[in-house]
Amino acid sequence: MSEEHTLFPVPARLLDPSQCPEPYVKSLEEYQELYRQSIENPDEFFGKLATDLLSWSKPFHTVQHGGLEHGDTAWFLDGQLNASYNCVDRHALATPDKIAIIYEADEPNQSENITYGELLRKVCQLAGVLRARGIRKGDTVAIYMPMIPEAIVAFLACARIGAVHSVIFAGFSAEALRDRVQDAACRVVLTADQGKRGGKSIETKRIVDDAVKSCPSVETIIVCQRTGADVPMTPGRDFWWNEETSKCMNYLTPEPMNSEDPLFLLYTSGSTGTPKGVLHTTAGYLLGASATVKYVFDYHPGDIFACMADVGWITGHSYIVYGPLVLGGTTVLFESIPTYPNASRYWELVAKHKVTQFYTAPTAIRALRRLGDEWVEGHDLSSLRVLGSVGEPINPEAWHWYNDKVGKGRCAIVDTYWQTETGSHIITPLPGAIATKAGSATVPFFGIDVAILDPVTGKELVGNDVTGVLAVKKAWPSIARTVYGNHQRYLETYLKPYPGYYFTGDGASRDKDGYIWVRGRVDDVINVSGHRLSTAEIESALIMHHSVAETAVIGAADDVTGQCIHAFVCLKPGVSKHSNDLSKELILQVRKVIGPFASPKKIYLVEDLPKTRSGKLMRRILRKIIAGESDSLGDISTLADPSIVAILIKHVENS
Ligand code: WT7
């Protein structure tokens, strides 16, 4: 693979003080020295960083305790701080007129700026509403909102009073929302009347109404008016955001929180069972998010940071909300889609707001590349310095297009590898210091002691030119601390597979130069457009349909979305498989149980599935058939009925 040998040096422009602010880390040697300190002397390294980047109402006395062996990681013990104070107050006090949020609304002519001074007032007022509804430190609050400034206000209002927020991506269906609200027994849901995306309206409040029918814990729903649509309101339970906030004072004292007090839950899919509520705590998480905005995006005062993710995913949490705001930066909140009203939307946004750091996913880059270079040409992209990629491995074609057409060869490309559970980037280049390779996440961030393990023996593969599973040897500040209400599951998923290590679930290689190439999941997790889904989750959605006897879901390669979902479905006896509507119904079923982003691209109605004699489903065989590799199926002698393979191959070929 020639990409493995081609190094792209740091663009000269980034190191030229007449053109760019001096990068925080300016050479490979500087990175290596800082990295060494972070690993050999983490107490000093992170103690200093935590003092530099965060404001404490009470200083910590111990930098770290516990770790991966016992699953008892704790950082900055005995310290106290408040996330909302760190993100808002201290900047509002110093520079009240500085812009905190640039809201780029669905309709391009409706963008709006919110200053730190305004943000503080809005956060305090909503915090007051939550207090008035009886919410106290440690209570859980669900946030199911479109990409509007009030969503950020919601995060910070919860943090201000010590409530634990659980943001549920607004693309999730009522049933998925219900499960997540129930799991954490949320007392309040913060939402909006409707959402707007790509010119279409989304019935946000109606979805919430549907969901909470079976959520006895929900006492209050606060509804923000995005469109002013007429939506049903249940007296005594539902309240208008504006009416309630207007009753509350513009200042409310932030609740002092301990470093290890929970900040938020965020549900994510694993290989088995129900989604997990990944729990992040206050100080370590804030440090991870802000340190990576500073070093990985080389964020300088005055920069305009634009992360195109949704606040409903971890990328939005760390790189729209917490990271940029901890640094007192300006963050762009983009409500629309890259192709509305046309495929220049991103580049118009960059030119209009003079964006310096731009962060998106390979799936968006591939989709835009397909639509043609004319959409990116002719826009003034000269403000850009750093272009980020996240969510899945970026293929070299997309990397080069991003680098050449968007970056014009004069920006740093940072391919940032991380996960919901890691809280912030763990493998990534630094703009001024690390030469890149197209498709490699390159080198570990500070404090991340990366290991590649033999998947079978668990032995560490030392040195270069090795391939195995990706793990981390030591706890870092922003690692998730537990799975909400199920610490055993946390231990079993992440810490027990390879004792002493955090297991990522991804496969990876370290090449001859020591660069890391993340290859993708080694478990039953599918990555569709950077959205993480478990095969088990989709299968259980399908099985709930009255016609379905059994299913097997796999991820297949897709040019735009990275992977897409293919579902093999066996029907119950007597159900006709020749009905065209049935496939449509099954797709609807998945949309209903999970959400539109989980829709299968293909459904195969089949007689039987490949299973071993003990009944274990062999997804590997289905994956090979879909990939057109039927000639290398491997050993199929363990199948209960090997003749099924030929039938399946024919079925897939004919569909
Ligand atoms: C999984 C985590 C936190 C980012 C958004 C997704 C894949 C993420 C990369 C990358 C290769 C990547 C991994 C990981 N992934 N970024 N730069 N290169 N793979 O967060 O939903 O928790 O998914 O996304 O497979 O395990 P997530």
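Residues numbered from 1 in each chain as written. Predicted model: local features only at pLDDT ≥ 70, side-chain atom pairs only at ≥ 80, totals over all residues. Heavy atoms only, no water.

An unreviewed UniProt entry annotates the chain as Acetyl-coenzyme A synthetase of Dissophora globulifera. Quoted verbatim from the Sequence similarities (unreviewed entry) field of UniProt, the annotation for the chain is "Belongs to the ATP-dependent AMP-binding enzyme family." Its UniProt record, at the heading Catalytic activity (unreviewed entry), says of the chain: "acetate + ATP + CoA = acetyl-CoA + AMP + diphosphate". (UniProt positions renumbered as here; feature names shortened; annotations may be inferred.)

Draft legend 1. Structural view of unusual backbone geometry. Cis geometry is adopted by the peptide bond preceding Pro-341, which originates at Tyr-340 and carries an omega value of -5°. Its place among the elements puts Pro-341 in the loop between strand S17 (330-334) and helix H11 (345-353). Phi angles above zero are rare outside glycine, and Asp-465 is one such case at about 65°. Looking at the element boundaries, Asp-465 is found in the loop between strand S21 (450-453) and strand S22 (466-472). Here the phi dihedral of Ser-529 falls at roughly 50°; this positive angle occurs in a residue that is not glycine. Looking at the secondary structure, you find Ser-529 in the loop between strand S26 (525-528) and strand S27 (531-534). (Helix = DSSP H or I, 4+ residues; strand = E, 2+ residues; numbered from the N terminus.)

Draft legend 2. Geometry of the sheet that holds strand S18 (residues 357-360). If you trace the 7 strands from one edge of the open sheet to the other, you get S5-S4-S17-S16-S18-S19-S20, paired in mixed fashion. The outermost strands of the open sheet, each flanked by one partner alone, are strand S5 (112-115) and strand S20 (412-416). Neighbour-to-neighbour, the strand axes of this sheet turn through a mean angle of 20°, independent of strand direction. Of the strand pairs in this sheet, strand S4 (residues 99-104) and S5 are connected by 4 bridges, and their pairing is antiparallel. Following the sheet pairing, Ile-102 is matched in S5 by Asn-113. In this fold helix H4 (residues 116-132) packs onto S4 and S5, with an angle of close to 80° to the strand it touches most, S5. (Pairing = 2+ DSSP bridges. Axes fitted to C-alpha atoms, helices over the stretch in contact; angles between N-to-C directions. Contact = heavy atoms within 4.5 Å.)

Draft legend 3. View of helix H1 (residues 28-40). Between its first and last C-alpha, H1 extends 18 Å over 13 residues, near the 18 Å set by a 1.5 Å rise per residue. For H1, the full list of buried residues reads Tyr-31, Tyr-35, Ser-38 and Ile-39. Viewed end-on, H1 has its buried residues packed into an arc of 90°, placing them on one side of the element. Exposed residues on H1 whose side chains face more than 90 degrees from its buried face are Glu-29 and Glu-40. For H1, the secondary structure elements touched by its buried residues are helix H2 (42-53) and S21. (Expected span 1.5 Å × (residues − 1). Buried < 20%, exposed > 50% of the residue type's maximum accessible area, 1.4 Å probe, protein only. Arc of directions from axis to C-beta.)

Draft legend 4. View of the packing of helix H5 (residues 149-161) against helix H10 (residues 314-326). Interhelical geometry of H5 versus H10 gives an angle of 60° and a closest axis separation of 11 Å. Viewed along their axes, H5 and H10 adopt a mutual orientation that is oblique. Between H5 and H10 the crossing geometry is right-handed. Residue-level inspection shows Ile-152, Phe-155, Leu-156 and Ala-159 of H5 in contact with H10, the latter providing His-317, Ile-320, Val-321, Tyr-322 and Leu-325. Grouping the constituent residues of the contact of H5 with H10 by class yields 8 nonpolar, 1 polar and no charged. (Parallel < 35°, antiparallel > 145°, perpendicular 65-115°, else oblique. Left-handed = near helix turned anticlockwise from the far one by under 90°. Nonpolar A, V, L, I, M, F, W, Y, C, P; charged D, E, K, R; others polar.)

Draft legend 5. Looking closely at the nonpolar core. In this structure, Phe-76, Leu-119, Leu-156, Leu-190, Tyr-322 and Leu-430 are the most contacted members of the largest nonpolar core, which totals 126 residues. With 10 residues, the top contributor of residues to this core is H5. What Tyr-322 contacts, discounting residues up to four positions off in sequence, is Ala-83, Cys-87, Phe-155, Leu-156, Ala-159, His-165, Leu-263, Phe-264, Tyr-285, Leu-286, Ala-289 and His-317. Ile-221, Val-231, Ala-541 and Leu-571 belong to the second-largest nonpolar core, a separate cluster that totals 47 residues. (Core = buried A, V, L, I, M, F, W, Y, C linked by side-chain atoms within 4.5 Å.)

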